[in-house]
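What follows is the residue order along each chain.
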Amino acid sequence: MLENFWFNVKIGIDHILDINGYDHVLFLMVLAVPYVFKDWKRVLVLVSLFTVGHSISLVLGAYDVVSVNGELVEFLIPMTILITAIYNVLTAGKKDRGSKIGLLFFTTLFFGLIHGFGFAREFKMIADNSLVFLIEFALGIEIAQVIIVFVVLFFGFLFQTIFRFSRRDWVMVLSSIVVGLVITMVI
């Protein structure tokens, strides 16, 4: 029983940390880069909303409740990353980022839905049609995402304290790097 639990959690972790599926990592980077450690609750809520959206669309797609054009989804996934990164560049250093928190939460949930549909076909092959598997898989996704977010926050701390980057510059540099990487995915 416990072996199955850890096996299923590991599948979720591997899904996020898979080097071939770096789109998740890029999205989480641009989602977390505007924040610092003291914002951990907000970042955790955002990451969890992304997981919820991802899980909902996995179920809907894997169990044929909703059928989505795979090519469209594969185009939309990098677009979600690009939109988030450009938003970061345009709002870096602005004081009112927190005022549109409801929109940010909704957008993150929606982008999670899009990313989940991208994995629904593969999920259908590994899923054993149980809610327990989905929960364990989602837990693995959440663990991996929290690790990535922690790494982004840690590097943000290093660059902003040791290397004296301003918060604005850190957000702009990392988001711009992601824009450059994602443009090749969109094209």
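Structure: see above.
Just so we're clear, the structure is a prediction, and the values are computed from it rather than from any experiment.

Student: Please clarify how the environment of Gly-53 should be interpreted in this entry.
Tutor: By the element assignment, Gly-53 lies in helix H3 (residues 40-62). In this structure the C-alpha to C-alpha distance between Gly-53 and Thr-108, which are 55 residues apart in sequence, comes to 8.1 Å. Excluding its chain neighbours within four sequence positions, the residues that come into contact with Gly-53 are Leu-109, Gly-112 and Leu-113.

Student: Can you walk me through the side chain of Gln-160 in this structure?
Tutor: Within the secondary structure layout, Gln-160 lies in helix H6 (residues 131-161). For Gln-160, the residues in contact, after removing those within four places along its chain, are Val-36, Phe-165, Ser-166, Arg-167 and Trp-170.

Student: What am I meant to see in the nonpolar core here?
Tutor: Side chains of a nonpolar character, in soluble globular proteins, are inclined to be buried together. Among the nonpolar cores identified, the biggest contains 44 residues, and Ile-81, Phe-123, Phe-137, Val-152 and Val-178 are the most heavily contacted of them. Ranked by the residues each element gives to this core, the list is headed by H6, at nine residues. Every residue in contact with Phe-137, bar those within four places of it in the chain, is listed here: Asn-8, Ile-11, Gly-12, His-15, Leu-58, Phe-119, Phe-123 and Ile-126.

Student: What am I meant to see in the packing of H3 against H6 here?
Tutor: Think of two packed helices as two axes; the pair is described by the angle between the axes and how far apart they sit. Where H3 contacts H6, the axes come no closer than 10 Å and their chain directions differ by 145°. Handedness of the H3/H6 crossing: right-handed. Packed against H3, whose contacting residues are Val-43, Leu-44, Val-47, Ser-48, Phe-50, Thr-51, His-54, Ser-55, Leu-58 and Val-59, the element H6 presents Leu-134, Phe-137, Ala-138, Ile-141, Glu-142, Gln-145, Val-146 and Val-149 at the interface. For the contact of H3 with H6, the residue count by class is twelve nonpolar, five polar and one charged.

Student: How do you make sense of a nonpolar patch on the surface when you look at a structure like this?
Tutor: Together, Phe-37, Leu-139, Ile-143, Ile-147, Phe-150, Val-151, Phe-154, Phe-155 and Phe-157 give the surface a local cluster of nonpolar side chains, amounting to about 750 Å² of exposed area. On the secondary structure map, Phe-150 appears in helix H6.

Student: Explain the packing of aromatic side chains to me, please; I cannot follow it from the model alone.
Tutor: For any pair of aromatic rings, the description consists of the separation of the ring centres together with the inter-plane angle of the planes. A full pass over the atoms with the stated rule returns 16 aromatic pairs. For the ring pair Phe-37 and Phe-150, a centre distance of 5.6 Å and an interplane angle of 55° mean the geometry is tilted. A residue pair is termed long-range when its members are at least 10 positions apart, and Phe-37 in the loop between helix H2 (23-32) and H3 and Phe-150 in helix H6 qualify at 113 residues. A ring pair is formed by Phe-123 and Phe-137, whose centres lie 5.2 Å apart and whose planes are at 55°; its orientation type is tilted.

Student: Please explain the pattern of salt bridges as it appears in this structure.
Tutor: When the charged atoms of two side chains lie near each other, side chains of opposite charge can form a pair. Under the criterion given, the structure shown has three salt bridges. Notably, a salt bridge pairs Asp-39 with Arg-167, separated by 3.0 Å at the nearest N-O pair. Linking Asp-39 in the loop between H2 and H3 with Arg-167 in helix H7 (residues 167-186), this pair joins segments that are 128 residues apart in sequence. A residue is classified by how much of its surface remains accessible, and Arg-167, at 35% relative accessible area, is partly exposed. Two residues, Asp-169 and Arg-168, come together in a salt bridge whose shortest N-O distance is 2.8 Å.

Student: What am I meant to see in unusual backbone geometry here?
Tutor: A negative phi angle characterises most non-glycine residues, just as the trans form characterises most peptide bonds. We note that Asp-64 has phi near 55°; this positive angle belongs to a residue other than glycine. Residue placement: Asp-64 occurs in the loop between H3 and helix H4 (70-91). You will see that Arg-164, though not glycine, has its phi angle at about 60°, which is positive. Looking at where Arg-164 falls in the secondary structure, it is placed in the loop between H6 and H7. A relative accessible area of 67% places Arg-164 in the exposed class.

The rules behind the values
Residues numbered from 1 in each chain as written. Predicted model: local features only at pLDDT ≥ 70, side-chain atom pairs only at ≥ 80, totals over all residues. Heavy atoms only, no water. Helix = DSSP H or I, 4+ residues; strand = E, 2+ residues; numbered from the N terminus. Contact = heavy atoms within 4.5 Å. Core = buried A, V, L, I, M, F, W, Y, C linked by side-chain atoms within 4.5 Å. Buried < 20%, exposed > 50% of the residue type's maximum accessible area, 1.4 Å probe, protein only. Axes fitted to C-alpha atoms, helices over the stretch in contact; angles between N-to-C directions. Left-handed = near helix turned anticlockwise from the far one by under 90°. Nonpolar A, V, L, I, M, F, W, Y, C, P; charged D, E, K, R; others polar. Patch = residues over 30% accessible without salt bridge, like charges linked within 9 Å, V, L, I, M, F, W, Y side chains within 5 Å. Areas by Shrake-Rupley, 256 points an atom, 1.4 Å probe, with all protein chains shown as cover. Salt bridge = Lys/Arg side-chain N within 4 Å of Asp/Glu carboxyl O. Phe/Tyr/Trp six-rings, centres within 6.5 Å; stacked < 30°, edge-to-face > 60°.

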